[in-house]
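Commentary on secondary and tertiary structure
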Amino acid sequence: MMTASQFVFDVGVDEFETRVLVASRDRPVLVDFWADWCSPCKMLAPVLDAVAAKHEGGVLVAKVNSDQERELSAQLGVRSLPTVMLFVDGAVVDRFVGAQTESAVEQFIAPFLPRASDDLRHRASGLRTEGRDEEALQLLRKASDDDPDNLRVRSDLATLCLDLGKLEEADQLLARLPANAIDDPAFRRLRARALLAGLARPATDAAVDEGGQADDLLGLTRDAARQALAGQHETALEALMAVLRRSPGYKDGQTESAMRAIFDLLDDDDSLVNRYRRKMASALH
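Below, the structure is looked at part by part. (Residues numbered from 1 in each chain as written. Predicted model: local features only at pLDDT ≥ 70, side-chain atom pairs only at ≥ 80, totals over all residues. Heavy atoms only, no water.)

1. Description of helix 12 (residues 233-246)
Its 14 residues give helix 12 an end-to-end C-alpha distance of 20 Å, which sits within 8% of 20 Å, the value for a rise of 1.5 Å per residue. For helix 12, the full list of buried residues reads His233, Ala236, Leu237, Ala239, Leu240, Met241, Val243 and Leu244. Taken together, the buried residues of helix 12 touch helix 11 (216-229), helix 13 (254-266) and helix 14 (271-284). (Helix = DSSP H or I, 4+ residues; strand = E, 2+ residues; numbered from the N terminus. Expected span 1.5 Å × (residues − 1). Buried < 20%, exposed > 50% of the residue type's maximum accessible area, 1.4 Å probe, protein only. Contact = heavy atoms within 4.5 Å.)

If you want it as structure tokens, here you go:
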């Protein structure tokens, strides 16, 4: 059995990448921002120690002294102590502020703890690195069937389906998300990719407008979706604005949906998002 010192440790800015970001690719890492003067921090510390001990290395606890690591705390947006961030796959996936009970912390980490299906997921990742996507697809399908509640597997499978052009399967995976994952940024981006990929597909029949003329707006929308998927976001948004100006209600709001999908790909803090949100609102009103 591992001892607490092996999976509860102090960390500073110099070691943060290796001991937190890299380590979180193998197992979840709780990062506890604390200070000597903080009474709730002292209440929380033994709770985190107990959780780490219970899982025997299945989850790590990295402790950051905020008074000594002010720059690191500022970079991660720590405003109150204690703040605990949960890192998985090199990124923050959740956080809480203030002292918590052991059962509350267990509930907090439960969705991210290693599962048997994660082994298949990691093997699939290796196959993808080798360019063996079809084999990876079979492994991820098995992992998803064995453990349908593992959202990490669902995310990887949906991503691979989109990469391979299996849009119907990707749509089915993304349509059955639990409530706590619907607004997750990663799944929002996947849904955005799926919507744009659907719009980018060639039409099976030539579309016509009410006057019997070829529907060139459909072609503009399809081209914009392809551009967005290729990373040409501003070009795509400008093309969609041209569609919106000509036909604000085109295909029951399809143009707006496509623009919002691009916003999701870019994340809300991108300057393009704010600019084209204003343009879209102006064209609609």
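2. A short note on the pairing of strand 3 (residues 60-65)
Burial analysis of strand 3 places six of its six residues in the buried class, which makes it a mostly covered element. Of the two faces of strand 3, the one lined by Leu60, Ala62 and Val64 and the one lined by Val61, Lys63 and Asn65 are each fully buried. Where strand 1 (residues 8-10) and strand 3 come together, three bridges link them in parallel fashion. By the bridge assignment, Asp10 is partnered in strand 3 with Lys63. Here strand 2 (residues 29-34) pairs with strand 3 via six bridges, running parallel. Across the sheet, Leu30 pairs through a bridge with Val61, a residue of strand 3. On the question of chirality, the crossover connecting strand 2 to the parallel strand 3 by way of helix 3 (residues 39-55) is right-handed. (Pairing = 2+ DSSP bridges. Right-handed = clockwise from strand over helix to strand, strands pointing away.)

3. Focus: unusual backbone geometry
A cis amide bond links Leu81 with the next residue in sequence, Pro82, at an omega value of -10 degrees. Following the sequence through the fold, Pro82 ends up in the loop between helix 4 (70-75) and strand 4 (83-88). Unlike most non-glycine residues, Glu56 shows phi in positive territory, near 50 degrees. Position of Glu56 relative to the elements: it lies in the loop between helix 3 and strand 3. Note on Glu56: relative accessible area 39%, which makes it partly exposed. The backbone of Asp252 sits at a positive phi, close to 55 degrees, despite the residue not being glycine. Tracing the chain through its elements places Asp252 in the loop between helix 12 and helix 13. Here Asp252 falls in the exposed class, since its relative accessible area comes to 80%.

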